[in-house]
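Secondary and tertiary structure notes
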Amino acid sequence: MRGPDRDGGPPSGPGTVPRTVPVERDDLGGDAVDVAPWLLHKVLVRGGRSGRIVEVEAYGGADDPASHAFGGPTARNAVMFGPAGHLYVYFTYGMHWCANVVCGPEGSAQAVLVRALTPLSGLEGMRTDRPPTFPDRDLCRGPARLCRALGITGADDGTDLLVPDGTVRLVDDGMPPPGRPASGPRIGISRAVDRPWRWWVTGDRHVSGRTGVV
DNA sequence: CTTTGGATCGTCT
DNA sequence: GACGATCCAAAGG
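With that out of the way, let us pick up the pairing of strand S5 (residues 96–103). A regular strand places its side chains on the two faces of the sheet in alternate fashion. Of all 8 residues that make up S5, 6 are buried, and the element is covered over most of its length. Of the pairings in the sheet, the one linking strand S4 (residues 87–92) to S5 comprises 6 bridges and is antiparallel in character. By the bridge assignment for S5, Thr92 is matched with His96. A loop of 3 residues connects S4 with S5, the two strands running antiparallel in sequence, and Tyr93 in this loop sits at a positive phi of about 55°. In this sheet, strand S6 (residues 110–121) lies alongside S5 in antiparallel orientation, the contact comprising 4 bridges. Note on S6: the bridge partner recorded for Val102 is Ala111. Between S5 and S6, which pair antiparallel one after the other, the connecting turn spans 6 residues, and Gly104 there sits at a positive phi close to 80°.

This is the structure we're talking about:
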């Protein structure tokens, strides 16, 4: 093989190795609306598969009617009420898994939904059980598709993303977030539709939904 | 490119 | 019993 397909590591090569910066838990201790755009260009890794985050949505706690945490703790959203840096995975529409990064002060139940990735490594694994004609561009385009591509399921709910040898990890390979990310209303919700809490990398083809709004 | 309708079941009321 | 933080295939421009 010729690509940088090493498990979890950043793209490697003589002279071009970006320094991998560990993500600190304090980096995720702020409110979801601040952490969400900061997460753009970070890397999500599971097993030998990884992708760069290019689209996110912020979800608040008790004060956000669109959040799963609205209305208080339940068995499903329990991880949201825990410490920042853990993965909140939920099942929806009877067939899809979606993944969030828990953030904010413990107990505030805030999270950032990861909506799209640029596939970086493990592309062959992501293509398993996909039609031969399935475009690579769509592998991680959408919150449920990226979970399917990385193999994230309810078994990963509660995973600490900041443990170096963890099953699912959040990595900073040195690429800073975009200075001027595009933003707009969150997708697929029916309440609090006016809050522009979705951010994405302007012009990136791996972003889901409409990208015309600013 | 866009629109439309069906799939499918855990979760909470 | 209703409703999803969605996706896919099919059909039309």
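Additional details are given in the paragraphs that follow.
Of note in the backbone geometry, Asp129 takes a positive phi value of approximately 65° without being a glycine. As for its placement among the helices and strands, Asp129 is situated in the loop between helix H2 (123–126) and helix H3 (143–150).

It is worth spelling out the protein's contact with DNA strand C at this point. In the vicinity of DNA strand C, 19 residues are found, and the nearest of them are His68, Tyr90, Asn100, Arg130 and Arg145. When atoms of DNA strand C within 4 Å of the protein are split into backbone and base, the sugar-phosphate part holds 54%. With respect to DNA strand C, the backbone of Ala66 contributes an N or O atom lying 3.4 Å from a base nitrogen. Of all the secondary-structure elements, those providing two or more residues to the surface near DNA strand C are S5, S6 and H3. No other element matches the 3 residues that H3 contributes to the surface near DNA strand C. For the surface near DNA strand C, the per-class residue count stands at 9 nonpolar, 7 polar and 3 charged.

Looking now at the nonpolar core. With 41 residues, the main nonpolar core has Leu28 and Ile152 as its most contacted residues. Not counting the four nearest positions on each side in its chain, Ile152 is found in contact with Leu44, Arg46, Leu87, Val89, Trp97, Ala99, Cys147 and Val168. The next biggest cluster of nonpolar side chains, apart from the first, holds 14 residues, and it includes Ala66, Cys98, Ala111 and Leu113.

Thresholds applied
- Position numbers for residues start from 1 in each chain and track the written sequence from start to end.
- Chains carry letters from A onward and ligands carry numbers from 1 onward, assigned in written order.
- Per-residue local features are limited, in this predicted model, to residues with pLDDT of at least 70; the limit for side-chain atom pairs, both in listing and counting, is 80 or more; totals at the level of whole chains, interfaces and linings are taken over all residues.
- Side-chain figures throughout are based on the complete set of non-hydrogen atoms in the structure, without hydrogens or water.
- Burial classes: relative accessible area under 20% of the type maximum marks a residue as buried, over 50% as exposed, and values in between as partly exposed (1.4 Å probe, protein chains only).
- Helix and strand definitions follow DSSP, with helices as H or I runs of at least four residues and strands as E runs of at least two, each counted in order from the N terminus.
- Note: two strands are recorded as paired if DSSP finds a minimum of 2 bridges between them.
- The rule for a residue being near a molecule or strand is that one of its heavy atoms must lie within 4 Å of it.
- Two N or O atoms form a polar contact when they lie within 3.5 Å of each other; inside protein one atom must be a possible hydrogen donor and the other a possible acceptor, and for residues adjacent in sequence the pair counts only when both atoms belong to side chains.
- Residue classes follow a fixed rule: Ala, Val, Leu, Ile, Met, Phe, Trp, Tyr, Cys and Pro count as nonpolar, while Asp, Glu, Lys and Arg count as charged, and any other residue, Gly among them, counts as polar.
- Each nonpolar core is a collection of buried residues, namely Ala, Val, Leu, Ile, Met, Phe, Trp, Tyr and Cys, held together in the definition by side-chain atoms within 4.5 Å.
- Here, residues are in contact when the closest pair of their heavy atoms is within 4.5 Å.

Keep in mind these values describe shape, not function.
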